[in-house]
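Here's the letter readout for the chains.
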There are 2 protein chains.
Amino acid sequence: MNGAHAVARTLLDSGVEVCFANPGTSELHFVAALDDEPALRAVPCLFEGVATGAADGYGRMTGLPAATLLHLGPGLGNGLANLHNARRAGTPVVNLVGDHATFHKKYDAPLESDVEALARTVSGWVRRCVDPATVGADVAEAVAAATGAPGRVATVLLPADVSWSDGARPAPPVPARPSAALSAKPVATVAAILRTGDPTALLLGGTATREPALSAAGRIAAATGARLLCETFPARLERGAGLPAVERLGYLTEGAMAQLDGVRHLVLVGARVPVSFFGHPTLPSELSPEGCRVHTLATTANDIAAALDEVANTLAVDTPAVLQAAARPPLPTGELTAETAAAVIGVLLPEEAIVVDEANTSGLWLPGATAGAPRHDWLTLTGGAIGQGLPLAAGAALACPDRPVLCLEADGSAMYTVSALWTHAREGFDITTVIFANGSYSILDMESHRLGVPADGSAHRDLLNLTRPGLDFVAIARGMGVPASRVTTAEDFTDRLRRSFAEPGPHLVEAVVPALF
Amino acid sequence: MNGAHAVARTLLDSGVEVCFANPGTSELHFVAALDDEPALRAVPCLFEGVATGAADGYGRMTGLPAATLLHLGPGLGNGLANLHNARRAGTPVVNLVGDHATFHKKYDAPLESDVEALARTVSGWVRRCVDPATVGADVAEAVAAATGAPGRVATVLLPADVSWSDGARPAPPVPARPSAALSAKPVATVAAILRTGDPTALLLGGTATREPALSAAGRIAAATGARLLCETFPARLERGAGLPAVERLGYLTEGAMAQLDGVRHLVLVGARVPVSFFGHPTLPSELSPEGCRVHTLATTANDIAAALDEVANTLAVDTPAVLQAAARPPLPTGELTAETAAAVIGVLLPEEAIVVDEANTSGLWLPGATAGAPRHDWLTLTGGAIGQGLPLAAGAALACPDRPVLCLEADGSAMYTVSALWTHAREGFDITTVIFANGSYSILDMESHRLGVPADGSAHRDLLNLTRPGLDFVAIARGMGVPASRVTTAEDFTDRLRRSFAEPGPHLVEAVVPALF
């Protein structure tokens, strides 16, 4: 058995069932090996950032790593931005990066580069395979390194000759990293704080934004009056009618500080100390108010749900959590704006939808409009590297074929990885993509105002404007096989969204909205 | 004056007149500074790989660095693949990578990553700016580090607060790195070898594929019978009627070895020891034949033209170089194929055209069909990182506004950086893009055969096929503002190409051709 076959078989034996692939010559033996492992589903991507973003979406929804298949340093380079997002999300991902044959590496052929250095910037674990005899074990360890609390990006550098040489065998699965043991002290400390009645907020991150942790947090909040906040960019927030409502910390420093104003104790539950997204000339980087004490109940390395349960048990909580009531906004009519578009989405969001949110400024009204919609998942831009939405939606759709995916995408961000639409069409994914077409990098107009930078100069306008020429997303989507339409009224948006939710497969709606800034 | 203004002014004073930009929040002060420096032309790009590829194209055609403007680690990550190509091309590029404010870096905010590690993989020079008082000098040094023999990628990491803080001043230009001194010995050695009449080939790389080096090499060849070869992927090959003809070393190991068969002395002139593009299970990595002696006349760090002139003078050459005769192939008719498309291009290629060649397998007949066309430049995929063509064309068009640019692009490769078409439209660049639409990653079918890998399995077909659904490049191009048409016959291709060359501005022709493999 050659190395490539051992890799494919080991992946499957270790529970990896999907490979988002953009192969080159060094990966062809692995491609051939896939033929003998039809259970390992290979999904073609036309750009590596699509493959890595899709693996992130898949991992967020299943908790299991997908593999990616990338071609040497430049291929990994193209995938880095969405691996950065996956790293921030704590998503398990196993990258297979094909490399030159071991004997060829010293010749510094054109595609040679320092692929390890690239890999280390996004990976919690990196291994260069050197021998077909051990490549199976390498891959089993990679899957284990990726899986656990928190999930990590594990990168396997796979020289072509290790793939093509015989003498390999599959390796048995390696147990995933166990959660770090939870000590009694933080549980007792947090319980004591909550008993004081001092203004306290739980800041939820990692799996704390998911059931069952969320329910435990909801019971604690109901019993003690503590507030439930979550990180600005949760990897996966379960929300909607019937779940405890969680308030997301705002993106803007000013807003987040207002939310935290008056909090005396901030309890981190899988979240990190809240800091501003960017530094600002006059605003602080740390968001918690003067005098607020910050406590860590659990990190993403712990079993977060268990930690919250222990707190609830310590407090002998018997108050049920306050659950979000079912509610839909009124159906709007007239001009399509970010606000009316959000209301339409709030009206129509299907049960069990997976919402991928890269709407940026056009998404301002979305959380409010969808708060009482049927239960759904909300996936966000964890690492701030735009170009995540369309790929993430692909991975989420593959992970959950029976759930509708709604991909809410800003026009500027969409263009970074727009070829993901082809993968949507190729695989027939049930994804409704809404492009919020405001014709600008509107968030940078907003940030300019916040920074006191003139936003009316010609360079500013030239670099942040997307209307000369305008982007025709209907044409672009159709060019990649995705049915598409453009809407400019709330009524037409309602109609198109309804149709898309009713019909399987991918659809794109270009929602023309005014820029907010 | 704040740091951003000092950076902009220093760039201009140092001769950098163009900035291919994909800014984010940390770069907004620099964007504002551009308003006060209208001579520094800012070109918007919708993806960082477009910005870096355009800078490569600009640098290849002018010898001067363009700046890029990128957003933290993920922005640099997205630009890495084309910086890899620029590094291999020896192109001068100055990357400005905005970063978190110095005081904010320690908070590990979402966009934080090891940007230095990324930068080092592609850069010959990296500097993190720390103080507005010295940022001008940092940038002047970066331009000098980028410029010289050979050109290099220089990366400036520019924290937001260094940009927005006062106390900066522009720095005067720093002299470019001088060429390494040429020692007399290799000149004498090479001259002596050439006098023997032994079968000798000059392998040209770097600036040796350009005038005036090419003319000196041509005189040497004419006088001594030495053959003129050049590297497989020259950064910029000047060729066509009236120039010495140079044979490019083949991409495939088998072909390159056949070309070098019988050569007793291989003289490297700005080229590296020839090696195969990928390692192969049974073929050698080193291409020069058994018993062939390899000599280095000059490296890319030397003044290559001067080295060749010295050899010519030592030999007292008075034979004029054999120059390529003007010749056009017959105009083909009937089915459009890679072969007939090449002939059409050979018939129509305009004087002084800049050809950007990422046609991959569909480009097989291009060198032959255009050998006798009017003088032109041929830019190739130096680092093997596909997704180069459309961006490179943008930079070449900006560098040479009076010259037509012909961008020959494979369908698969085009999709990596397809948003470059928007920049073509935005700037009105005179670029004719031909998409060779063969509906597959055909080169991987070819490589599968060479590697003895089965190419008929379902995974293989699924991952290398681009027809389910097909890509409609006419729709995609129109969606980004580029007029486009699809052709399936040689006659229609001729007609469309003629029209595109006659009409200023960007055009795209989707040339439907059968896959070769």
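About the thresholds
- Residues numbered from 1 in each chain as written.
- Chains lettered and ligands numbered in written order.
- Predicted model: local features only at pLDDT ≥ 70, side-chain atom pairs only at ≥ 80, totals over all residues.
- Heavy atoms only, no water.
- Pairing = 2+ DSSP bridges.
- Helix = DSSP H or I, 4+ residues; strand = E, 2+ residues; numbered from the N terminus.
- Axes fitted to C-alpha atoms, helices over the stretch in contact; angles between N-to-C directions.
- Phe/Tyr/Trp six-rings, centres within 6.5 Å; stacked < 30°, edge-to-face > 60°.
- Buried < 20%, exposed > 50% of the residue type's maximum accessible area, 1.4 Å probe, protein only.
- Contact = heavy atoms within 4.5 Å.
- Buried area = accessible area lost by both parts, 1.4 Å probe.
- Salt bridge = Lys/Arg side-chain N within 4 Å of Asp/Glu carboxyl O.
- Polar contact = N/O pair within 3.5 Å; in protein donor to acceptor, adjacent residues only side chain to side chain.
- Nonpolar A, V, L, I, M, F, W, Y, C, P; charged D, E, K, R; others polar.

**Q** Give me the lowdown on the sheet that holds strand β17 (residues 484-487) of chain A, citing residues and values where you can.
**A** Residue and element names in this part refer to chain A. Ordered in space as β9-β14-β13-β15-β16-β18-β17, the 7 strands form an open sheet in which the pairing is mixed. The strands lining the two open edges of the sheet, one partner per strand, are β9 (237-239) and β17. Averaged over all adjacent pairs, the angle separating strand axes in this sheet is 20°, with direction ignored. Of the strand pairs in this sheet, strand β13 (residues 354-358) and strand β14 (residues 376-379) are connected by 3 bridges, and their pairing is parallel. By the bridge assignment, I354 is partnered in β14 with D377.

**Q** A description of the packing of aromatic side chains should follow, citing residues and the corresponding values.
**A** As enumerated under the stated definition, the model contains 15 aromatic pairs over all chains in all. Seen from their ring centres, F47(A) and Y416(B) are 5.9 Å apart, and the 80° between their planes marks the pair as edge-to-face. With one member in each of two chains, F47(A) in the loop between β2 (41-44) and α3 (48-62) and Y416(B) in the loop between α15 (411-414) and α16 (420-427) form a pair that bridges those chains. With a relative accessible area of 5%, Y416(B) lands in the buried category. Between the aromatic rings of F103(A) and W164(A), the centroid separation amounts to 6.2 Å while the plane-to-plane angle is 55°, which identifies the pairing as tilted.

**Q** Help me get a handle on the interface of chain B and chain A, residues and values and all.
**A** Taken together, the contact pairs 91 residues of chain B with 91 residues of chain A. Between chain B and chain A, roughly 7,600 Å² of surface is buried when both sides are summed, and carbon and sulfur atoms account for 67% of that area. Linking chain B with chain A are 6 salt bridges. Residue D108(A) pairs with R88(B) through a salt bridge whose shortest N-O separation is 2.7 Å. At the junction of chain B with chain A, the criterion picks out 32 residue pairs in polar contact (both at pLDDT 80 or more). The dominant element in the side of chain B that touches chain A, judged by the number of residues it contributes, is helix α4 (residues 72-89) of chain B, at 9 residues. For the side of chain B that touches chain A, the residue count by class is 48 nonpolar, 29 polar and 14 charged.

**Q** Can you lay out the sheet that holds strand β16 (residues 431-437) of chain B for me, pointing to particular residues and giving the numbers?
**A** Residue and element names in this part refer to chain B. As summarised here, the arrangement of the 7 strands in space is β9-β14-β13-β15-β16-β18-β17, forming an open sheet in which the pairing is mixed. Where the open sheet ends on each side, the last strands, each with one partner, are β9 (237-239) and β17 (484-487). Direction aside, the axes of adjacent strands within the sheet are offset by 20° on average. Note: strand β15 (residues 405-410) against β16, 6 bridges, orientation parallel. In the sheet register, C407 faces β16, and the bridge partner there is T433. With respect to the sheet, helix α14 (residues 389-399) is in contact with β13 (354-358), β14 (376-380), β15 and β16, its orientation differing from that of β15 by roughly 175°.

So yeah, pure geometry; function would need other evidence.
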